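Examining the three-dimensional arrangement
Residues per chain, in single letters:
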Amino acid sequence: MEKEIIEERQGEILVQECSTKNTKKMFLESYGCQMNFSDSEIVASILSNEGYNTTSLLEEADLILLNTCSIRDKAEQTVRKRLSQFNAIKRKNPNLVIGVLGCMAERLKAKFLEEEHLVDLVVGPDAYRDLPNLLKNTDDGRNAINVLLSKEETYADISPIRLGGNGVTAFVSITRGCDNMCTFCVVPFTRGRERSRDPHSILKECKELRENGYKEITLLGQNIDSYLWYGGGPKKDFSKASELQKATAINFAQLLNMVAEACPEIRIRFSTSNPQDMHEEVLHVMAKHNNICKYIHLPVQSGSTSVLQRMNRQHTREEYIYLVDKIREIVPDCAISHDIITGFCGETEEEHQETLSLMKYVKYDFGYMFAYSERPGTVAHKKMEDDIPAEIKSRRLKEIINLQQELSLERMKTYINKVHEVLVEGTSKKSKEQWYGRISQNAVVVFTKTDNTKVGDFVNVLVNGCTSATLIGEII
Ligand code: SAH
Ligand code: F3S
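Just so it is clear, the model here is predicted, and its values are computed rather than measured.

Turning our attention to the overall build of the chain. The helix and strand tally for the chain stands at 15 helices and 22 strands. Over its C-alpha atoms the chain spans a radius of gyration of 22 Å, differing by no more than 12% from the 23 Å that the globule rule assigns to 476 residues. The 476 residues of the chain split such that 58% are buried. When contacts within the chain are restricted to residue pairs at least 6 apart in sequence, long-range pairs at least 24 apart make up 71% of them. Here the chain displays about 20,100 Å² of accessible surface, and carbon together with sulfur accounts for 50% of that area. Taken together, the 61 basic and 68 acidic charged side chains of the chain have centroids lying 1 Å from each other.

Given below as structure tokens:
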């Protein structure tokens with residue numbers, strides 16, 4: 001699943017029979033990041049125990065749930081538009097319950113119920129265990145809301161119901177929340193304090209996936225390298241942990257090593273790495289294990305130290321470059337991708353040029369690029385001026401997108417005339433005769449199907465052509 005590039009992703013309808021015994025139907029649509037997608041699988045699991053199966057047909061739904069994203073204004077507008085489409089359905093079926101989950105629910109809280117009259121249920125990302133109770137409260141037409149954030153909730157014991165997937169790739173959440181407080185970002189407000197999940201429950205989930213035929217696991221966290229298990233509680237309280245807890249704490253490099261060793265036949269990916277928290281130890285673990293994919297998503301946001309400071313990012317341009325050099329040295333075949341924001345408060349033309357020059361230095365494989373969108377309640381909103389005109393933001397955005405396309409093409413060319421191990425993930429969207437899958441470096445490759453291959457197989461593919469977005473090859 002790809003994150004959005006400039007355009008916000010449309011919602012993804014998630015369907016999978018939860019239990020043959022279930023009679024009620026929920027229509028569950030997820031917006032935004034992979035974490036939301038993963039949360040929707042937890043929601044499906046919780047509601048499966050309440051008698052709900054998923055459906056892709058709005059008309060037959062007893063319950064509609066939108067798992068929403070607040071990251072940019074446009075993401076919120078998309079959800080508002082979607083909600084307005086439900087008016088007609090609700091008129092025909094007054095018993096229908098409509099719920100908003102996730103970051104928009106958390107950001108707007110009860111205001112949502114005032115603003116969107118057809119919404120019955122508002123539930124924040126840490127309150128999904130309360131869904132069965134909240135739903136009971138809506139039985140007689142009342143509204144229900146729970147937007148409490150938690151310092152402990154990781155849903156560690158809940159087995160997600162894998163939705164809409166291909167049966168071979170899955171997400172496993174390992175941290176929730178974020179303590180970083182980048183000045184532009186709404187996530188620390190909508191997802192609360194950073195906390196790590198018990199490593200035993202992570203390993204258990206990974207092993208279950210392996211037993212169920214899964215071949216690739218992506219470990220997820222807003223700030224994954226900052227994972228730290230010391231017995232529970234928020235990361236920022238680690239200083240208060242006992243000596244024993246401190247001595248037996250597990251960091252991300254150790255966890256990654258444990259997962260790679262426990263599931264040697266499974267590919268492991270992880271996202272998202274924050275430059276300030278990504279340490280060499282993780283790179284050595286990556287280099288040591290063949291089953292850890294050689295790909296790091298390393299958002300930079302800007303190539304200019306002064307902009308990074310205004311963004312409250314905890315690293316400079318030079319520190320980022322140092323880290324990239326280390327990646328190239330320790331994991332030489334590693335692909336790197338980025339997130340970049342153009343037109344942040346006060347961004348000068350020189351600062352923008354520094355972003356372009358950093359991109360050329362790193363030679364990113366791929367990137368997610370966005371024009372800055374002011375978010376209410378953030379430090380940038382309160383203390384800085386969103387002063388870059390829309391035309392300049394979008395011109396700069398075009399420049400970085402164009403450059404990224406050139407860089408992507410250059411990187412893709414380096415994969416040509418080589419044999420790559422590819423996990424078959426499904427039939428190519430363009431041709432029924434072709435499979436698609438990804439190489440370790442995360443680039444998508446399409447290749448002609450053969451009689452003896454199926455989804456979930458690892459195959460060796462000789463890459464013989466490419467565009468800036470896709471590799472083309474043949475099974476050998
Ligand atoms: N650590 C997170 C980042 C979440 S937000 C993760 O797991 O990916 C994803 C990206 O959205 C950020 O890296 C940033 O580039 C972009 N973004 C966040 N807030 C934004 C805003 N206010 N305007 C534009 N883009 C934003
Ligand atoms: Fe947002 Fe920065 Fe955290 S981008 S998710 S506050 S690392």
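At a minimum axis distance of 11 Å, the contact between helix α12 (residues 317-330) and helix α13 (residues 349-362) shows a crossing angle of 15 degrees. Accordingly, the angle class assigned to the pair α12 and α13 is roughly parallel. Here the hand of the crossing between α12 and α13 comes out right-handed. Facing α12, whose interface residues are R317, Y320, I321, V324, D325 and R328, α13 presents E354, S357, L358, Y361 and V362. Tallied by class, the residues present in the contact of α12 with α13 amount to six nonpolar, one polar and four charged.

Close to ligand 2 lie C178, N180, M181, C182, F184, C185, V187, P188, Q222, N274 and R313, which account for all nearby residues. Tallied by class, the residues present in the shell around ligand 2 amount to seven nonpolar, three polar and one charged.

In this section: the domain arrangement of the chain. Many authors give the size of an interface as the accessible area that is lost as the parts come together. Per the domain assignment, the segments making up the chain are domain 1 (2-146), domain 2 (169-413) and domain 3 (419-475). For domain 1 and domain 3, the distance between their C-alpha centroids amounts to 34 Å.

Time to look at the packing of aromatic side chains. The geometry of an aromatic ring pair is captured by two quantities: the separation of the ring centres and the angle between the planes. This model, assessed by the stated rule, comprises seven aromatic pairs. For the pair F252 and F270, a centre-to-centre distance of 5.3 Å together with 65 degrees between the ring planes defines the contact as edge-to-face. With F252 in helix α9 (residues 252-262) and F270 in strand β14 (residues 267-271), this residue pair connects regions lying 18 residues apart in the sequence. Taking relative accessible area as the criterion, F252 reaches 1% and is therefore assigned buried. Judged by its relative accessible area of 3%, F270 falls in the buried class. Measuring from centroid to centroid gives 4.9 Å for F344 and Y372, while their planes differ by 80 degrees, and the two rings are edge-to-face.

Within the largest apolar cluster, 54 residues are counted, with the highest numbers of intra-cluster contacts made by L219, F252, L256 and F270. The contacts of L256, once residues within four sequence positions are left out, are L219, I268, F270, V282, V285, M286 and I292. In terms of nonpolar packing, the next biggest core, distinct from the first, is built from 29 residues, L14, V97, L101 and L163 among them.

We now examine the sheet that holds strand β17 (residues 366-371). Pairing is parallel across the open sheet formed by three strands, whose spatial order is β15-β16-β17. Looking at strand neighbours, the two that pair on one side only are β15 (295-297) and β17, the edges of this open sheet. Strand-to-strand twist of the sheet, defined as the mean angle between neighbouring strand axes without regard to direction, takes the value 10 degrees. On the sheet, helix α15 (residues 390-413) packs against β16 (335-342) and β17 and is oriented at approximately 175 degrees with respect to β17.

Turning next to the UniProt feature "binding site: [4Fe-4S] cluster 1" (unreviewed entry) in the chain. UniProt annotation of "binding site: [4Fe-4S] cluster 1" (unreviewed entry) refers to C33, C69 and C103 when read in the numbering used here. Separation in sequence by 71 residues is not matched in space for these annotated residues, since their most distant C-alpha atoms are only 10.6 Å apart. Relative to the helices and strands, C33 resides in the loop between β2 (24-30) and α1 (34-48). Take C33: its relative accessible area is 27%, and that puts it in the partly exposed class. When you line up the elements, C103 lands in helix α3 (residues 103-108). Those residues within four positions of C103 in sequence are excluded, and the remaining contacts are T68, C69, S70, T190 and R191.

Turning our attention to the site of ligand 1. For ligand 1, the set of nearby residues contains 15 residues, the closest of which are Q222, T272, Q301, D339 and S373. One of the backbone N or O atoms of Q222 is found 2.5 Å from a nitrogen atom in ligand 1. Between an oxygen atom of ligand 1 and a side-chain N or O atom of T272, the distance comes to 2.8 Å. Coverage of ligand 1 by the protein amounts to 89% of the 550 Å² it exposes when considered alone. Residues of the shell around ligand 1, tallied by class, amount to six nonpolar, five polar and four charged. The two domains that each donate at least three residues to the shell around ligand 1 are domain 1 (2-146) and domain 2 (169-413).

Of the volumes computed, that of the second largest pocket is approximately 350 Å³. When residues in the lining of the second largest pocket are grouped by element, the largest group, three residues, is from helix α5 (residues 131-137). Of the residues contributing to the lining of the second largest pocket, the split by class is six nonpolar, four polar and nine charged.

Criteria and thresholds
Residues numbered from 1 in each chain as written. Chains lettered and ligands numbered in written order. Predicted model: local features only at pLDDT ≥ 70, side-chain atom pairs only at ≥ 80, totals over all residues. Heavy atoms only, no water. Helix = DSSP H or I, 4+ residues; strand = E, 2+ residues; numbered from the N terminus. Rg over C-alpha atoms; globule rule 2.2 N^0.38 Å. Buried < 20%, exposed > 50% of the residue type's maximum accessible area, 1.4 Å probe, protein only. Contact = heavy atoms within 4.5 Å. Areas by Shrake-Rupley, 256 points an atom, 1.4 Å probe, with all protein chains shown as cover. Lys, Arg positive; Asp, Glu negative; His and termini not counted. Charge placed at Lys NZ, Arg CZ, Asp CG, Glu CD. Axes fitted to C-alpha atoms, helices over the stretch in contact; angles between N-to-C directions. Parallel < 35°, antiparallel > 145°, perpendicular 65-115°, else oblique. Left-handed = near helix turned anticlockwise from the far one by under 90°. Nonpolar A, V, L, I, M, F, W, Y, C, P; charged D, E, K, R; others polar. Near = heavy atom within 4 Å. Domains from an automatic or database assignment. Phe/Tyr/Trp six-rings, centres within 6.5 Å; stacked < 30°, edge-to-face > 60°. Core = buried A, V, L, I, M, F, W, Y, C linked by side-chain atoms within 4.5 Å. Pairing = 2+ DSSP bridges. UniProt positions renumbered as here; feature names shortened; annotations may be inferred. Polar contact = N/O pair within 3.5 Å; in protein donor to acceptor, adjacent residues only side chain to side chain. 1 Å grid on protein atoms, 1.4 Å probe; cavity = no way out; pocket = protein on both sides within 12 Å on 5 of 7 lines; lining within 4 Å. Points joined across faces, edges and corners; volume = space filled by probe spheres on them.

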